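Read off the chains here:
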Amino acid sequence: MGKTTTATLLEMKRQGEKITVLTAYDWATAKLLDEAGVDVLLVGDSLGMVMLGLENTLSVTMEDMLHHCRAVARGAQRAMLVGDMPFMSYQVSPEQALVNAGRFLQEAGMHAVKVEGGREILPAVRKMTQNGIPVLGHVGLTPQHVHQLGGFKVQGRTDAAAQRIQEDAVALEEAGAFGLVLECVPAPLARTISDQLAIPTIGIGAGPDCDGQVLVFHDVVGLYDRFTPKFVKKYAQVGTVMRDAVREYVQEVKAGTFPGEEHVFK
């Protein structure tokens, strides 16, 4: 299987092949997910919560993102790599957005960047795409707007709100975005947008009719237990396994049974 690119994703949509996306934040996880066949690795600003212990994504900096992106780029060989642009790294001006986006590709080995928002960020999206930087859009529940939205809530439930999201999606496609994340929107709205756009849609809490799905890796394997959104399926309880292993290590060291004879040099 060859390298995944924006062209690959577009062809997958045309062929009706679902796109798989997971977050990754370090070398070891990126290597594992790449070998498992994930199409796209997203270095999400969600690292603020699942890696740094923050309450939300707003405190994540460019340096935080670039640090983790470099680690992921060293671990992945086949998957497409997308770096999340953190809060206030692209909203101030299109020129600032271009400079910061360029760092993701030039310094951190990413193939594309992701930005949150609709028509209000179109000048920045155009600036980036016109200068050769692939952009993944993100509408619906946008975590960087959590205070403005009043919390992590489903978006697009009213006709007016659904129309705004749909119009934002179309505008982002017209501005050059190669794909679009739809987060926490009703499934019928996600289906309508997916059918309307030529570019692929990646759903998270948006039902089964998007062109692909994305989840946070730590949610998928049970490594993050502060809360579990309704849309998450836990495929493993790795956190429990890790905790049990460490407890056994502590017990053996305390009891003097580790290291054993087989672990000693002579």
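Residues numbered from 1 in each chain as written. Predicted model: local features only at pLDDT ≥ 70, side-chain atom pairs only at ≥ 80, totals over all residues. Heavy atoms only, no water.

1. Describing unusual backbone geometry
With an omega of 5°, the peptide bond between Phe258 and Pro259 qualifies as cis. Considering the arrangement of structural elements, one finds Pro259 in the segment after α11 (238-255). For Met88, which is not glycine, the phi dihedral falls at a positive 70°. Of the residues examined, Met88 reaches a relative accessible area of 40% and is grouped as partly exposed. Although it is not a glycine, Cys184 adopts a positive phi angle of roughly 50°. Along the chain, Cys184 turns up in the loop between β6 (179-183) and α9 (187-196). (Helix = DSSP H or I, 4+ residues; strand = E, 2+ residues; numbered from the N terminus. Buried < 20%, exposed > 50% of the residue type's maximum accessible area, 1.4 Å probe, protein only.)

2. Remarks on α9
Because the α-helix completes a turn every 3.6 residues, residues three or four places apart line up on one side. Those residues of α9 lying buried are Leu189, Ala190, Ile193 and Ser194. For α9, the angular spread of buried residues about the axis comes to 135°, placing them on one side. Where α9 is buried, its residues meet α1 (6-15), α8 (159-174), β6 and β7 (201-204). (Arc of directions from axis to C-beta. Contact = heavy atoms within 4.5 Å.)

3. Concerning the packing of aromatic side chains
For the structure on display, the rule yields 2 aromatic pairs. Measuring from centroid to centroid gives 6.0 Å for Tyr224 and Phe227, while their planes differ by 80°, and the two rings are edge-to-face. The exposure class assigned to Tyr224 is buried, which follows from its relative accessible area of 9%. Taking relative accessible area as the criterion, Phe227 reaches 39% and is therefore assigned partly exposed. Their ring planes at 65° and their centres at 6.1 Å tell us that Tyr249 and Phe258 sit as a pair that is edge-to-face. Tyr249 sits in the partly exposed class, given a relative accessible area of 49%. (Phe/Tyr/Trp six-rings, centres within 6.5 Å; stacked < 30°, edge-to-face > 60°.)

4. A closer look at the pattern of salt bridges
Pairing is possible between side chains that carry opposite charge, provided their charged atoms lie close to one another. Evaluated as defined, the whole model comprises 12 salt bridges. Salt-bridge contacts for Arg103 lead to Glu63; the nearest nitrogen and oxygen are separated by 3.1 Å. Of this pair, Arg103 sits in helix α5 (residues 94-106) while Glu63 sits in helix α4 (residues 62-75); the two residues are 40 residues apart in sequence, bridging distant segments of the chain. With relative accessibility at 45%, the residue Glu63 sits in the partly exposed group. Put simply, Asp244 and Arg247 hold a salt bridge, and the shortest N to O gap is 4.0 Å. Of this pair, Asp244 and Arg247 both sit in helix α11, 3 residues apart, roughly one helical turn. For Asp244, a relative accessible area of 43% puts it in the partly exposed group. Taken together, the shared-partner salt bridges connect Glu63, Arg103 and Glu107 into one network. (Salt bridge = Lys/Arg side-chain N within 4 Å of Asp/Glu carboxyl O.)

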